[in-house]
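If you want the building blocks of each chain, they are given just below.
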Amino acid sequence: MLNSPNYPLTTPDELIIASRESALAMWQAEHIAERLRGLYPGMRVTILGMTTQGDRILDSPLSKIGGKGLFVKELETAMTEGRAHIAVHSIKDVPMNLPEGFQLAAIGEREDPRDAFVSSTYASLDTLPAGARVGTSSLRRECQLRARYPQLSIEPLRGNVQTRLRKLDAGQYDAIILAAAGLKRLGLNARIREELSPEQSLPAVGQGALGIECLAGRDDLLALLAPLNHDGTADCVRAERAMSRTLGGSCQVPLGAYAQIADGVLSLRGFVAEIDGSRIISGSVAGPSQDAERLGCQLADQLLAQGAGAILEALSV
């Protein structure tokens, strides 16, 4: 699906990108728009900004209101209705199974995939006192924090990057955990007090990577977008998403997966956990990068063999 297609390229006069209207989403859409303008100078590229249901409902955790798919449905509707040709997403917000009639046309080169510790007072997670309030929107982050730092108070945090930072600055939290990629893309590197290693906090599936979605069957768009696909990132994301898909991954499931490639070998780590961090089942696999999806499924099977199925079944009740 993500390999460079051999279709004749006909550059359209105009290409419309659907995007959420948050500052980070618009940065991502404009980044892709600039890449396309550079590739196709005669093509007019515009952005259709939209507010999604996930942006409107901010008083409940994502795991309670339908998951991250709420950030992409309106953009998909815009493509179906012909108001936009493509949509740009953070891959970590894209459901593991796309709705029928849609496809990921390209995956861009990954930014920093790590989680970031942000605080106005404390320098790192290790310096937080007992009872400190740490905000996060992610069950994945929550379970890892609870396992490593049971003395902390982990509290829900919703909103875009700026909203979360405002809540921190207003004193609602002692620290918050955000994706490093989003902060760096918005030029907010100075807000990062500590970049958490994958050993401290294994990233979300696809974290730091951008995905471009279009309608299925649009071979013309596949050809147009092929130069934006980064093969190494795409292989890593395919492996991570295959693991999560096999396990039924969603916002309701505390899991993480992170793949890296060195000398053609893809190494994939992953875990499934109890939300309270009392049990974390983890594993790793490695193999040729061209076998990315097989490796993802292999790791999922490994975790299931260790008992992940019982955790997943309890979460679905």
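Now for a look at the structure at hand. (Residues numbered from 1 in each chain as written. Predicted model: local features only at pLDDT ≥ 70, side-chain atom pairs only at ≥ 80, totals over all residues. Heavy atoms only, no water.)

1. A closer look at the sheet that holds strand β6 (residues 133–136)
Here comes step 1: The strand order across the open sheet formed by 5 strands is β7-β6-β8-β5-β9, and the pairing between neighbours is mixed. The outermost strands of the open sheet, each flanked by one partner alone, are β7 (153–156) and β9 (194–196). Averaged over neighbouring strand pairs, the angle between their axes works out to 30° when direction is ignored.
Here comes step 2: Alignment of β6 against β7, held across 4 bridges, turns out to be parallel. Looking across to β7, one finds that T136 is bridged to P156.
Here comes step 3: The sheet contacts of helix α5 (residues 139–148) involve β5 (115–118), β6, β7 and β8 (175–179), and relative to β8 the element is tilted by about 130°.
Here comes step 4: On top of the sheet, helix α6 (residues 161–169) reaches β5 and β8; it is set at about 165° to β8, its chief contact. (Pairing = 2+ DSSP bridges. Helix = DSSP H or I, 4+ residues; strand = E, 2+ residues; numbered from the N terminus. Axes fitted to C-alpha atoms, helices over the stretch in contact; angles between N-to-C directions. Contact = heavy atoms within 4.5 Å.)

2. Here we look at the environment of E30
Here comes step 1: Looking at where E30 falls in the secondary structure, it is placed in helix α1 (residues 23–39).
Here comes step 2: Distance from E30 to T46, taken between C-alpha atoms, is 8.7 Å for residues 16 residues apart in sequence.
Here comes step 3: Polar side-chain contacts of E30 include one of 2.6 Å to the side chain of R37. (Polar contact = N/O pair within 3.5 Å; in protein donor to acceptor, adjacent residues only side chain to side chain.)

3. Description of the nonpolar core
Here comes step 1: Among the nonpolar cores identified, the biggest contains 23 residues, and M243, L247, L255, L266, L268, V272 and L303 are the most heavily contacted of them.
Here comes step 2: Here this core gets 8 residues from one element, more than from any other, and that element is helix α10 (residues 292–316).
Here comes step 3: Setting aside anything within four residues of it in sequence, one finds L303 in contact with M243, L247, G270, F271, V272, I281, S282, G283 and A308. (Core = buried A, V, L, I, M, F, W, Y, C linked by side-chain atoms within 4.5 Å. Buried < 20%, exposed > 50% of the residue type's maximum accessible area, 1.4 Å probe, protein only.)

4. Topic: the packing of helix α9 (residues 231–246) against α10
Here comes step 1: The geometry of α9 relative to α10 is characterised by a closest axis approach of 7 Å and an angle of 35° between their N-to-C directions. Where α9 crosses over α10, the handedness of that crossing is right-handed. Of α10, the residues touching α9 (which contributes D235, R238, A239, A242, M243 and T246) are A292, E293, G296, C297, L299, A300, D301 and L303.
Here comes step 2: Here the contact of α9 with α10 is built from residues that sort into 8 nonpolar, 2 polar and 4 charged. (Left-handed = near helix turned anticlockwise from the far one by under 90°. Nonpolar A, V, L, I, M, F, W, Y, C, P; charged D, E, K, R; others polar.)

5. Regarding α9
Each turn of an α-helix holds 3.6 residues, which means side chains three or four residues apart point in the same direction.
Here comes step 1: For α9, with 16 residues, the first-to-last C-alpha span of 22 Å sits near the 22 Å given by 1.5 Å per residue.
Here comes step 2: Regarding α9, the residues found buried are T233, A234, D235, C236, V237, A239, E240, R241, A242, M243 and S244.
Here comes step 3: Buried residues along α9 sit against β4 (102–107), β11 (255–262), β12 (265–273) and α10.
Here comes step 4: Just downstream of α9, G248 is the residue with a positive phi angle, here 75°. (Expected span 1.5 Å × (residues − 1).)

6. Examining the environment of S138
Here comes step 1: Topologically, S138 is positioned in the loop between β6 and α5.
Here comes step 2: Taking the C-alpha atoms as reference points, S138 and I177, separated by 39 residues in sequence, lie 9.1 Å from one another.
Here comes step 3: Of note is the side chain of S138, whose polar atom sits 3.1 Å from the backbone nitrogen of R140.
Here comes step 4: For S138, the side chain forms a polar contact with the main-chain nitrogen of R141, separated by 3.0 Å.

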